[in-house]
Each structure stands twice: as structure tokens, then as C-alpha cells.
Amino acid sequence: MSEVLHVRGRILVGPEDVRDELWVIDGRISYDRPAGVRDVRTLDGWTLPGLVDAHCHVGLDAHGAVPRDVAEKQALTDRDAGTLLVRDAGSPSDTRWIDDREDLPKIIRAGRHIARTRRYIRNYAHEIEPDDLVAYVAQEARRGDGWVKLVGDWIDRDLGDLSACWPRDAVEAAIAEAHRLGARVTAHCFAEDSLQDLVEAGIDCIEHATGLTGDLIPLFAERRVAIVPTLVNIATFPRLADGGESRFPAWSAHMRRLHERRYDTVRDAYDAGIPVYVGTDAGGTLAHGLAAAEVEELVTAGIPPLRALSATTWAAREWLGRPGLDEGAPADLVVYGTDPREDVRALAAPRRVVLDGRVVG
């Protein structure tokens, strides 16, 4: 038997389920005290399931795929910040080797981005035309872990602004194929004009969702299409707009408008019952380890602190089909010195990080 952990204090099993202690035995959670065990390590504090970053890119930087040692540092940065489950929302890197590492976060992969030709960041995506979309979605559905990532809109250089990348019939066929293969589909979307077609075509999630407007919110709510706002990334829009002002003034103005209304967009989505989850977009130009900062941003947008906390813990894990602090589940948990329900800023200072039952941070 490996080292037994006794975790005491306030065990936040769920928003309304708080217990006094749990045990970690052979890497798994138990709420029954083990008999005859002498070698016990005690951890005290407020305990949450390992945080979830539902939009992260391990193995990617601003130029494309990175070497293993860089990807390892990215994953370790997330882990030490308490993020123990990542939905990797598109990457050209093969990170399957991480699955063999007991000291690195668990990853749910969406394969490689699928984008329109010359309509995304260089070296990131499969760049294709609509006739090939179904085939590439099928390929990435088989390569991923139950998700596929489309680029729903991007700047059209001829237009000088954001515009939708795919015709309606192409996304309908592609999403149907992904669902047939058991995968869910998400899409990068900054602008407004790609959203209705994607939602009506059956998409499961929208990344960023800055273009979500009042007329589209009821459709999202009715279809239960989740959003991952990545507000820590949207904070970069003014800088991006400044950089593109001379060549693409319409695009720059559009990006500033999307940024200005970002908090209203997220709050209105939440108020309408649209599921909202924490994601940072780390790994492109953004640093890793920012899940706590994203939770703070959701609170700033007007989401109640407990719901913002759930968006990176209980609700996020349920949405992704992974256990939390359940009896018999792998012991992936984070212990804090103060109550994160009272102040979500506590998430930025984990006291202990436990992954598969081992204290790793």
C-alpha cells in the first residue's frame, strides 16, 4: 500500500456537500477510515477537486508545436497552480506521452484545429476547404478524446474583418459525423455571424463567444450550448486591435467593441441559463496556470462566486465526464489555506496539490 493521506478540514465534495475528512488509499478517495494503517500523512484546509481548464493548449506556443521539454514545463505550471484536468482545445503536438506521467495533469484532447485555408494562425491547424471538412472532422474525432475543434470565424483579409469560415451545409454534415463517431464539437468564435449556423447545426460548445448577442442567447439556452469565455485572453483584444489598426481598421474597431461588452456578454449568457465554464486559452501567447485568474474574471463579469468556482470544479468535471471527490475516484485534489467559497482569490495560492494520490505540489 502506498502512503495513506488523511485530508481534514472542509472537504468541498459539491456546492452543498461539505464533509470533515477523506482518506486517500492506493491513490483513490475513501470516506471510510482505513483499518490497521500506521503510515499516515495529514493535510489540513479547504479541499476542492483538481481545477479544470477547459480551454488550454499544452504543447503549443505562438509559433506552433513545441518540444517535449517545453510542453512538460507548461503542464507542470498548470499542475502547480492546481489545474489537474485540461481540455486541450486543439494542438498540432502529440502529447500522448503525458498520459504515462503520474505527475502531470490529465488531458482531454480535441485533436488538431480544423480551419479554412489561410484563415487561422500559421502552423496551428489543418487548413482545408469545405469539401474536406467531414473527412478531417472524422480524422480528428478518432485522434482525440471525445472532442473536435473547428475554427468558426477568423479575419477575412479581403473583407478586412472577421467573418464565418464555413457554409451551413458543411458544418451540419461535419457535426453530424462527429456525433456519429461519439465526439462532441466546439468552435473558436469571436464574431457574431458564425454562431447561429453552428448552433442550429448541433454544435456542443463555443469558445470565446464574444459575438454572442441578445437575439442569439435564447437559441444557445434552448440547445444547452456551453460557452468557455476565456476572459483572460479576451483582455488582449485592445493590444491586438492596436497592432492591426493600419491594415484592418474595421477589424480593429470590431475587436474593441467585442472587448468592451465582454462582461455583459458573459453575464447575460449566465443569466439566461447557458452553461459557462472556465478556460484560459493558455499555450498560444498566454501563460499557463491562469485558471484562478479566469475564475476571478467570471466573478467580475457578474457570475456568483460559488457558480464561478463550480465552473472550474464540480460542474466542469461533470460536463467533461470526469469524477470529482467521489468515493473510489482517483485522488486529484487541491488543498487551500482559506475558504475559496468566501473569496475565489484563494485559488491562486494552493497549499497542497495531490494528483493520483501523490502530493506533487
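This section reports on the structure supplied with the text. (Residues numbered from 1 in each chain as written. Predicted model: local features only at pLDDT ≥ 70, side-chain atom pairs only at ≥ 80, totals over all residues. Heavy atoms only, no water.)

### Remarks on the pattern of salt bridges
Right, so step 1: Across all of its chains, the model carries 25 salt bridges by this definition.
Right, so step 2: In this structure, the salt-bridge partner of Glu 200 is Arg 168, at a minimum N-O distance of 3.0 Å. Note that Glu 200 is positioned in helix H4 (residues 195-200) and Arg 168 in helix H3 (residues 168-180), a separation of 32 residues in sequence.
Right, so step 3: With a relative accessible area of 28%, Glu 200 lands in the partly exposed category.
Right, so step 4: Assessed through its relative accessible area of 28%, Arg 168 is described here as partly exposed.
Right, so step 5: Measuring nitrogen to oxygen at the nearest pair gives 2.9 Å for the salt bridge that ties Glu 177 to Arg 180. Of the two residues, Glu 177 and Arg 180 are both situated in helix H3; the distance of three residues between them amounts to about one turn of the helix.
Right, so step 6: Each of Arg 96, Asp 99, Arg 109 and Asp 145 takes part in salt bridges that share partners, so that together they form one network. (Salt bridge = Lys/Arg side-chain N within 4 Å of Asp/Glu carboxyl O. Helix = DSSP H or I, 4+ residues; strand = E, 2+ residues; numbered from the N terminus. Buried < 20%, exposed > 50% of the residue type's maximum accessible area, 1.4 Å probe, protein only.)

### Focus: the sheet that holds strand E2 (residues 18-25)
Right, so step 1: Judged by pairing direction, the sheet is mixed, and its seven strands sit side by side in the order E3-E2-E1-E4-E18-E19-E20 without closing on themselves. Only two strands of the sheet have a single partner each, and these edge strands are strand E3 (28-30) and strand E20 (358-359).
Right, so step 2: The pairing of strand E1 (residues 4-12) with strand E4 (residues 40-49) spans eight bridges and is classified as parallel. Paired with His 6 across the bridge in E4 is Thr 42. (Pairing = 2+ DSSP bridges.)

### Describing the environment of His 188
Right, so step 1: You can see His 188 is positioned in strand E15 (residues 184-189).
Right, so step 2: Given the relative accessible area of 3%, His 188 is considered buried.
Right, so step 3: C-alpha separation for the pair His 188 and Asp 145, spaced 43 residues apart in sequence, amounts to 18 Å.
Right, so step 4: His 188 has contacts with Tyr 120, Lys 149, Leu 150, Val 151, Gly 152, Asp 153, Trp 154, Glu 207 and His 208, leaving out every residue within four places of it along the chain.
Right, so step 5: A distance of 3.2 Å separates a polar atom in the side chain of His 188 from a polar atom in the side chain of His 208. (Contact = heavy atoms within 4.5 Å. Polar contact = N/O pair within 3.5 Å; in protein donor to acceptor, adjacent residues only side chain to side chain.)

### Quick look at the sheet that holds strand E9 (residues 106-109)
Right, so step 1: Read across the sheet, three strands follow the order E5-E8-E9 without closing on themselves; strand pairing throughout is parallel. Of all the strands in the sheet, just strand E5 (51-56) and E9 have a single pairing partner and so form its edges. Averaged over all neighbouring strand pairs, the angle between strand axes comes to 20 degrees, with direction disregarded.
Right, so step 2: In the sheet, E5 pairs with strand E8 (residues 83-88) via four bridges, with the strands oriented parallel. Note that in E8 the partner of Leu 51 across the bridge is Thr 83. (Axes fitted to C-alpha atoms, helices over the stretch in contact; angles between N-to-C directions.)

### Some thoughts on the nonpolar core
Right, so step 1: One finds Leu 133, Ile 203, Ile 206, Phe 220 and Leu 298 to be the most contacted residues of the largest nonpolar core, which totals 77 residues.
Right, so step 2: Grouped together as the second largest cluster of nonpolar side chains are 14 residues, Leu 22, Ile 29, Ala 331 and Leu 333 included. (Core = buried A, V, L, I, M, F, W, Y, C linked by side-chain atoms within 4.5 Å.)

### Some remarks on the pairing of E8
Right, so step 1: With six of six residues buried, E8 is to be regarded as a mostly interior element.
Right, so step 2: Two elements, E8 and E9, share four bridges in a ladder whose sense is parallel. When the sheet's bridge partners are listed, Leu 85 is paired in E9 with Lys 106.

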